[in-house]
Amino acid sequence: MSADNEQDAREQLIDLAAQFYDQFELGEIPHMSVPTRTKNNIEYDEESNVWVYGDRESTRSANSVRGARKLLKAVYTIDFLADQLDEDRSSTLRELYYLSESWDNEEAQFTSQDESNSLIEDLEIVSGVTREDFHMRPEESGATIMGPLYLREQTRRGEREIHCQEDVGEGGYQIPNNPDTIDFLDCDADFILAVETGGMRDRLVENGFDEEYNALVVHLKGQPARATRRITKRLHDELDLPVTVFTDGDPWSYRIYGSVAYGSIKSAHLSEYLATPEAQFIGIQPADIVEYELPTDPLSDSDKNALESELSDPRFQTDYWEEQIELQLEIEKKSEQQSLASRGLDFVTDTYLPERLDEMGVI
Amino acid sequence: MTSFQSTLGEEPGIAEELAESQQAISIAEFFEKNKHMLGFDSGARGLVTAVKEAVDNALDAAEEAGILPDIYVEIQEAGDYYRLIVEDNGPGLTKESLPKVFGKLLYGSRFHAREQSRGQQGIGISAAVLYSQLTSGKPAKITSRTEGSDEAQYFELIVDTDDNEPEISVEETTTWDRPHGTRIELEMEANMRARQQLHDYIKHTAVVNPHARLELREPQAHFKFERATDQLPEETEEIRPHPHGVELGTVMKMLTATDSQTVSGFLQEEFTRVGKKTADSIIDAFRDRHYGREMRWRPPAVHESTEPRSADTSSEQHPREDGDLEAAVTDATANKGADATAAFAEAIAGAVDDRDRIAHHELLAIVDSAAETVEEEHGTTFGDTVRENAVDAVWLTLIDELSEESDEVATDAETTTDESRLVGDLYELVDEATSTRKDDEIVRAFAQRLAGKFADAADDDVRHRVTRDELRGYVDRVAELTEEYDDVAFGDTARENVVEEIWDVMATVPDDPPLVRELNGDRDATSDLVDAMRATDIMAPPTRCLAPISADLIEAGLEKEFDADFYASATRDAEVSGGDPFIVEAGIAYGGELEAEGSADVMRFANRVPLVYQRGACATTDVVKDIGWRNYGLDQPGGSGLPNGPAVVMVHVASTNVPFTSESKDAVANVPEIEDEIELAIREAARDLKSYLNKRRSMQKRRKKQNVLGKILPEMAEKVAEVTGREEPDIDDAIARIMNNVLVERQVEANGDSQSVSVVVENNSGTNESLEITDIVSAEPTALPDDATAVEMDGEWFVKWEPDISSDDEATLEYEVPDDATFDLDVKGVETEKLTVKQ
């Protein structure tokens, strides 16, 4: 990250404080408007094929005691972030929460981490600067990459050049919190295979799938963290790698695919920066459950509701998804990725994935 | 209570009555046996009761003479006894009236009066005198001075307990510093354990008698209660009893005593709110009860026009024509000549057919008038016998009992399909009265049986005259038969509806009511009269016999005795209970120095007399406990019972006859009408309390918000200045706006030798605001606009400006002052919580 970017982030933050200053001077009630971050205010942007916030805004105004406290905290946080950028330090979201305890003003201290997290999101949205640029990071998500990729990461202890197959152990290369500090040096991969569960990721690595098919195996670890989604997008955009997503065969896993491909509610303001609309879904598809006669669990009521609501979800409004979801509602069954093991440990790497990837035109 | 009270009024007095029947018992024994009833059951209580009776008497004496009461109460320790002294500034007493007032038990000028007064039963002060005499053996010492007399009279008074006769044992003249008034000194066995009740009594008396000055001196303490108003309570007038409030026994006695001959005269003379019209209504109601009503049947002509509606039965109907009636009359009239007879018959038949319905007495009138008309035209005399015959003939035709054959038809009506007109008539009424769900056949069967009842009754009284109760008896019997034979429910409501429907078409009879002397002693008839009086709508009794304290004076009284933040009061309109008019008033004091811990105080008053004992037995307490005080912003543990918090609730019941639970007059009885009014009065006052508390809460909230924001915003401004590296911003305008406040700001600009001043008022609140702004300037202001004035006082100029500013608007006052002037802004008209002043 360049010094320009830092300077820019700092200026944006100070501009925000100056806005409050001007509001005071004009005799106005200090306030700050941010898009409402709820499901109802998420819109599908047809142009970029990702999820963005709609027109609804919530105003944080000093009109009420609550609002005034929020703004006071915002100003204290701005002060802290500006200092942090000045000193080129960084901190985690959780650290910010604890750090507020040290502020001289009790009214400005956070009462929960949700509060500080949400305030950082507010600041991101209002200033147009990502929290990575504020030098705020989440706890490590532990997501990894394994595959024929050679990269250079700027760490606090200098530059490191790493090959994601040769320089790493079986665990793979751990994705840093701010993947924008990475330069891609060389890549022999043909495609990206993003995998939901750790068990399946380990199976693929053990079976040497990355080597055999020149695949970059990205471990999502459930709902993927921002960094995982960001690096996936960069790999796709910069190295022109097709992205495939391999998850369990249930409605919640389809949403993992959705957030890789189209963005999530909490970070809809960053969808264009995080989402990869070209990502393709491998499975487990409901059709696979039928075709491979996989071991299943029955759908629970909440599973069914989730499927129903996906039917009306614009992300899944394609013939493909409608067909699959309706099929699943019909068979009332779901299967995990690892249920493929019922056909043998190599079935997934020898048969299932090659067949699916071939069908999808990836290999 | 009412009956006891009003019956008592006619008796020589309960004490004498009891003493007479038990000749060996002296008045002292009577007192001893009944002292709990009279409030003298213990030494502690006896003292309070004695004070209470003496003070009530004193207040009444002064008020009756139009004097603002000034009352002094002293309690001294006198050896083994206590000495009670009560002085008033009333008109004083003469030697003749004195023994009666203080000596004779159950003497009282107001014993029989329907007028609001403190003492109602004449037991009061004389009981205290007797109590002191019985316990200490000392006489009552009375000093009295009438207005204008040079000297005061001193008496010592003893009651002869054998014959309840007071005796003056000492009589001399003395000097006294009061120009007029009465002083009574009683020594009695007592103690001061009920001191709290005594204080309550005096304090509460001061609250409800804001026109009185009270002083209480005890061995160790001294209290003064000054008056809050010079306005005496309105004088009350005595009224006659109201017809709704008298009992049978009372009416019987009144009948014995009255000079009136007729019932109508009696009602108008002896009762309030009864004039000719009301008396007529009562007498009609009496007739209905005493004589019953007569059934009105439809004449044949009406039947023929209405009957075909029920097509299924019309074919089976006896063919009848108008001719029947004429024929009947003709048959019954003998020896009157063909023309006259025909004219007579035609006149009767015509008149009957013209009517929609006809009762027996109405037929009588028709026959009489027909007879007179024909007599005039034909010169033939139609005597009583002829007329009676004609009436009988027509009436029997009308009710289908003319001949033997038709008699059979009528009695067999239930078994044959034939129907008499009676059935048709009744069917119509019953059908109207019962719900549509009742099967038509059932209704018809019911009507047939009911017609049978009427037919049976004709054997006793051919006129079909029945009282409502008898009619109900018919309907009950018929309904039971219907339930038995037709197996359908015929419930109470349905029965009552049928009775109501039939009773409505029946006619009140024109019989003259009995004369007073006939009624006198006839218990049943008198009972009918009392019922009739109760059933008739009569205007509420006049309220000039009542003297409520009035809402304003209640507040004044509360303000005088309680240092609270808020006072509310309500006076209801007069209502009637048991013939006695009454008015309920309520007052509430809240906050301030009132005790915040524990439950609120309830002060109870009856006719301006505080009730200090038997709180739990009193209707007032019950009502206060039943009100959901949480709705009115007071704390109420468990949602019922006395509310908690710094509050005083007072209730005053003013009535010509307050119903007490006992003779000691400590608690108001649970009379529903009075309870309702108490509740409404309290709720009325409580509503004001609620809006006060709401406002106070919203102001508290505002203050809290202001406090928090007043801390947060400057800190935010400071931090913003720190982050942006600028001067600290001015946040007053923003705060005023946030608080929806009214911002008053003065700006001063140097303008050569002088200064231009502008006072800007910015109204950020949601309502229009009217402000009174005073800018106190140390030099003479010039160039003032027209709507502002400047007044000089001691070298300072008061610039007054009273702008009205609508919501979200602003106004500016501009003027000039010399260079060295100083200023001081004073703003009124806006709550301080809503005001921000910057100068």
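Model, not experiment: these values are computed from the prediction.

Thresholds applied
- Residues numbered from 1 in each chain as written.
- Chains lettered and ligands numbered in written order.
- Predicted model: local features only at pLDDT ≥ 70, side-chain atom pairs only at ≥ 80, totals over all residues.
- Heavy atoms only, no water.
- Helix = DSSP H or I, 4+ residues; strand = E, 2+ residues; numbered from the N terminus.
- Contact = heavy atoms within 4.5 Å.
- Areas by Shrake-Rupley, 256 points an atom, 1.4 Å probe, with all protein chains shown as cover.
- Pairing = 2+ DSSP bridges.
- Salt bridge = Lys/Arg side-chain N within 4 Å of Asp/Glu carboxyl O.
- Buried < 20%, exposed > 50% of the residue type's maximum accessible area, 1.4 Å probe, protein only.
- UniProt positions renumbered as here; feature names shortened; annotations may be inferred.
- Axes fitted to C-alpha atoms, helices over the stretch in contact; angles between N-to-C directions.
- Phe/Tyr/Trp six-rings, centres within 6.5 Å; stacked < 30°, edge-to-face > 60°.
- Parallel < 35°, antiparallel > 145°, perpendicular 65-115°, else oblique.
- Left-handed = near helix turned anticlockwise from the far one by under 90°.
- Nonpolar A, V, L, I, M, F, W, Y, C, P; charged D, E, K, R; others polar.
- Core = buried A, V, L, I, M, F, W, Y, C linked by side-chain atoms within 4.5 Å.
- Domains from an automatic or database assignment.
- Buried area = accessible area lost by both parts, 1.4 Å probe.
- pLDDT = per-residue confidence, 0-100.
- Expected span 1.5 Å × (residues − 1).
- Arc of directions from axis to C-beta.

### Things to note about the overall build of chain A
In terms of regular secondary structure, chain A is built from 13 helices and 17 strands. Nonlocal contacts in chain A, meaning residues at least 24 apart in sequence, comprise 72% of its contacts between residues at least 6 apart. Looking at chain A as shown, the accessible area adds up to about 15800 Å², and 40% of this sits on carbon and sulfur atoms.

### Details of the pairing of strand β2 (residues 42-45) of chain A
Residue and element names in this part refer to chain A. The pairing of β2 with strand β3 (residues 50-53) spans four bridges and is classified as antiparallel. Along β3, the bridge assignment pairs Glu43 with Val52. Between β2 and β3, which pair antiparallel one after the other, the connecting turn spans four residues, and Asn49 there sits at a positive phi close to 60°.

### Remarks on the pattern of salt bridges
Residues and elements named next belong to chain B. Following the criterion strictly, the structure yields 68 salt bridges over all chains and no others. Between Glu684 and Arg572 there is a salt bridge; the shortest N-O distance is 3.1 Å. Taken together, the positions of Glu684 in helix α26 (residues 672-724) and Arg572 in the loop between β12 (566-571) and β13 (575-577) put the pair 112 residues apart, joining distant regions of the chain. Since its relative accessible area comes to 28%, Glu684 is described here as partly exposed. Since its relative accessible area comes to 22%, Arg572 is described here as partly exposed. The residue Asp826 makes a salt bridge to Lys828 at a minimum N-O spacing of 3.5 Å. Among the charged side chains, a salt-bridge network with shared partners connects Arg468, Arg472, Asp476, Glu483, Asp492, Arg495, Glu496 and Glu500.

### Observations concerning the UniProt feature "active site" (unreviewed entry) in chain A
According to UniProt, the "active site" (unreviewed entry) feature falls on Tyr98 of chain A. Looking at the element boundaries, Tyr98 of chain A is found in helix α3 (residues 93-99).

### Comments concerning the sheet that holds strand β12 (residues 191-195) of chain A
Residue and element names in this part refer to chain A. Here we have six strands laid out as an open sheet, ordered β10-β7-β13-β12-β14-β15, and mixed in their pairing. Pairing within the sheet leaves two strands with one partner each, and these edge strands are β10 (173-174) and β15 (280-283). As paired elements, strand β7 (residues 144-146) and strand β13 (residues 215-219) share two bridges and run antiparallel to each other. Across the sheet, the residue bridging to Met146 is Val217, located in β13. Sheet contacts for helix α7 (residues 226-239): β7, β12, β13 and β14 (243-246); angle to β13, the most-contacted strand, approximately 165°. Helix α13 (residues 347-359) rests against β12, β14 and β15 of the sheet, and its axis sits at about 145° to β15.

### Quick notes on the sheet that holds strand β27 (residues 835-838) of chain B
For sheets, the rule is that strands pair by backbone hydrogen bonds, running either parallel or antiparallel. All names here are of chain B. If you trace the four strands from one edge of the open sheet to the other, you get β25-β19-β18-β27, paired in mixed fashion. Every interior strand has two partners, whereas the edge strands, β25 (810-818) and β27, have only one. For this sheet, the mean angle separating the axes of adjacent strands, direction not counted, is 15°.

### Focus: the packing of aromatic side chains
Residue and element names in this part refer to chain B. Counting across every chain of the model gives 25 aromatic pairs over all chains. Measuring from centroid to centroid gives 4.8 Å for Phe40 and Tyr131, while their planes differ by 35°, and the two rings are tilted. Within this pair, whereas Phe40 is found in the loop between α3 (27-38) and α4 (43-64), its partner Tyr131 is found in helix α6 (residues 124-136), the two being separated by 91 residues in sequence. Neither Phe40 nor Tyr131 differs from the other in exposure class; each is buried.

### Remarks on the pairing of strand β21 (residues 772-777) of chain B
All names here are of chain B. Judged by how many residues are buried, β21 sits mostly within the fold: five of six residues are covered. Both β21 and strand β26 (residues 823-828) contribute to a ladder of six bridges, which runs antiparallel. Across the sheet, Asp775 pairs through a bridge with Leu825, a residue of β26. Bridging between β21 and strand β23 (residues 796-801) involves five bridges; their strand directions are antiparallel. Following the sheet pairing, Ile773 is matched in β23 by Trp801.

### What to know about the packing of helix α18 (residues 421-433) of chain B against helix α21 (residues 492-505) of chain B
What describes two packed helices is the angle between their axes and the distance between those same axes. Residue and element names in this part refer to chain B. Following both chains from N to C, one finds α18 and α21 inclined at 130°, their axes separated by 8 Å at the closest point. When the axis of α18 is compared with that of α21, the two are oblique. As α18 packs across α21, the resulting crossing turns out to be right-handed. On the side of α18, the interface is formed by Leu426, Leu429, Val430, Glu432 and Ala433, while α21 contributes Asn497, Val498, Glu501, Ile502 and Val505. Split by residue class, the contact of α18 with α21 holds seven nonpolar, one polar and two charged.

### Focus on the nonpolar core
The nonpolar side chains of a soluble globular protein tend to be buried, and buried together. Residue and element names in this part refer to chain B. In terms of nonpolar packing, the biggest core is built from 54 residues, with Phe344, Ile348, Leu426 and Leu450 touching the most fellow members. Those elements giving two or more residues to this core turn out to be α13 (323-332), α14 (338-354), α15 (360-378), α16 (384-398), α18, α19 (440-458), α20 (468-486) and α21. Examining the composition of this core, we find that eight residues originate from one element, α19, more than from any other. The residues that make up this core include at least three from each of domain 3 (322-398) and domain 4 (409-508). Among residues more than four places away in sequence, those in contact with Phe344 are Val329, Thr333, Val367, Ala370, Ala371, Val374, Phe382, Val386 and Ala390.

### Describing the interface of chain B and chain A
Interface size is often expressed as the accessible area that is lost when the parts come together. On the chain A side, the residues contacting the 25 residues of chain B number 26 residues. Carbon and sulfur atoms supply 71% of the area buried between chain B and chain A, which totals about 2300 Å² over both sides. In terms of surface lost to chain A, no three residues of chain B exceed Met716, Lys719 and Val723 of chain B, which account for 26% of the buried area on that side. Between the two partners, chain B and chain A, sit three salt bridges. Taking the shortest distance from any N to any O, the salt bridge between Lys711 of chain B and Glu107 of chain A comes out at 3.8 Å. For the side of chain B that touches chain A, the secondary-structure elements that each account for two or more residues are α26 and α27 (732-738) of chain B. Considering only residue class, the side of chain B that touches chain A consists of 13 nonpolar, one polar and 11 charged.

### Side note on the confidence of the model for chain A
Predicted confidence across chain A gives a mean pLDDT of 88, with 99% of residues reaching 70 or more. Mean pLDDT in chain A bottoms out at β2 of chain A, which sits at 80, and peaks at β14 of chain A, which reaches 95.

### Regarding helix α12 (residues 319-331) of chain A
Residues spaced three or four apart along an α-helix point in a common direction, a consequence of the helix completing one turn every 3.6 residues. Residues and elements named next belong to chain A. An ideal rise of 1.5 Å per residue puts 18 Å on 13 residues; α12 measures up with 18 Å between its terminal C-alpha atoms. Here α12 has its buried residues at Trp321, Gln324, Ile325, Gln328 and Leu329. Here the buried residues of α12 occupy an arc of 135° about the axis, which is enough to place them on one side. Exposed residues on α12 whose side chains face more than 90 degrees from its buried face are Asp319, Glu323 and Glu330. Glu332 occupies a position one or two residues after α12 and carries a positive phi of about 55°.

### Examining the packing of α14 of chain B against α15 of chain B
Residues and elements named next belong to chain B. Viewed as axis vectors pointing N to C, α14 and α15 meet at an angle of 145°, and their least axial separation amounts to 9 Å. You can see that α14 and α15 cross each other, and the crossing is right-handed. Between α14, through Asp339, Ala340, Ala343, Phe344, Ala347, Ile348, Ala351 and Val352, and α15, the contact on the second element is made entirely by Leu363, Ile366, Val367, Ala370, Ala371, Val374 and His378. The residue inventory of the contact of α14 with α15, partitioned by class, reads 13 nonpolar, one polar and one charged.

### Describing the environment of Arg45 of chain B
Residues and elements named next belong to chain B. Following the sequence through the fold, Arg45 ends up in helix α4. Given a relative accessible area of 10%, Arg45 falls into the buried group. Each C-alpha atom, one on Arg45 and one on Met192, is 8.8 Å from the other, the two residues being 147 residues apart in sequence. With residues up to four places along the chain from it excluded, the contact list for Arg45 reads Gly39, Tyr613, Ser664 and Asp666.

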